[in-house]
Amino acid sequence: VYMPLLFGEPDRPLSLPKMAQYTAQLCISQEFYCFAKNRTSPITNWLKELCQQANKECGGKGVGVIGMCLTGGFVLSLMADDSVIAPGASQPSLPFGISSSHKAALGISS
């Protein structure tokens, strides 16, 4: 199991105020700008490389990825990678759409 740390710092407890801070930072970050503009987020390139590395190190037919809530949308981009054979997106709720085009955006470049 590979568990990328997208919020917080390793080996430090995550308090509710810190989680709120990280959520606010993420919501105004480049990743969510990309979602709103139908562009692939820069973090998905790193996550694709991690999936490829995990598949290479562990062998097998491919890897599974799970995204929930804040990270659910990243799975949509990861689905296109050959190393990912079992994508799961649960409650891909963010970003909150402002305009109808933002609400319809999948966050994936052509």
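Scroll up to find the structure.
Report follows, based on the coordinates. For clarity, every value in this text was computed on a predicted model and none was experimentally measured.

Check the secondary structure of the protein chain and you find five helices and two strands. Secondary structure elements of the protein chain, listed N to C terminal, follow the sequence α-α-α-β-α-β-α. For the protein chain, buried positions account for 30% of its 110 residues. Within the protein chain, contacts between residues separated by at least 24 positions form 56% of all contacts whose residues are at least 6 apart in sequence.

Turning to the nonpolar core, a few remarks are in order. Ranked by size, the top nonpolar core spans nine residues in total: L47, C51, A54, V63, V65, F74, V75, L78 and V84. Contributing elements (two or more residues each) for this core: α3 (42–58), β1 (63–68) and α4 (74–78). Ignoring anything within four residues of it in the chain, the contact list for V75 reads V65, I66, G67, P87, G88 and A89.

The next thing to look at is the pairing of β1. Covered by surrounding structure in β1 are V63, V65 and G67 only, the residues G64, I66 and M68 on the alternate face being uncovered. Pairing between β1 and strand β2 (residues 84–90): six bridges, direction parallel. Within β2, the position partnered with I66 by the bridge is G88.

Under the 1.5 Å per step criterion, the end-to-end length of α3 is 25 Å for 17 residues, consistent within 8% with the ideal 24 Å. Those residues of α3 lying buried are T44, L47, L50, C51, A54 and N55. The buried residues of α3 occupy an angular sector of 135 degrees when projected down its axis, which confines them to one face. Away from the buried face of α3 by more than 90 degrees, exposed residues E49, K56 and E57 are located. Of the surrounding secondary structure, the elements contacted by the buried residues of α3 are β1, α4 and β2.

As a further point, take unusual backbone geometry. Phi is positive for D11, which is not a glycine, with a value near 60 degrees. Within the fold, D11 resides in the segment before α1 (16–27). Looking at D11, the relative accessible area reads 82%, which means it is exposed.

Turning to the environment of L76, a few remarks are in order. Looking at the secondary structure, you find L76 in helix α4. Separated by 13 residues in the primary sequence, L76 and A89 have C-alpha atoms spaced 7.6 Å apart.

Along the chain, P87 turns up in strand β2. Under the relative-accessibility criterion, P87 is labelled partly exposed at 38%. Not counting chain neighbours up to four residues away, the residues in contact with P87 comprise V65, V75 and M79.

Criteria and thresholds
- Residues numbered from 1 in each chain as written.
- Predicted model: local features only at pLDDT ≥ 70, side-chain atom pairs only at ≥ 80, totals over all residues.
- Heavy atoms only, no water.
- Helix = DSSP H or I, 4+ residues; strand = E, 2+ residues; numbered from the N terminus.
- Buried < 20%, exposed > 50% of the residue type's maximum accessible area, 1.4 Å probe, protein only.
- Contact = heavy atoms within 4.5 Å.
- Core = buried A, V, L, I, M, F, W, Y, C linked by side-chain atoms within 4.5 Å.
- Pairing = 2+ DSSP bridges.
- Expected span 1.5 Å × (residues − 1).
- Arc of directions from axis to C-beta.

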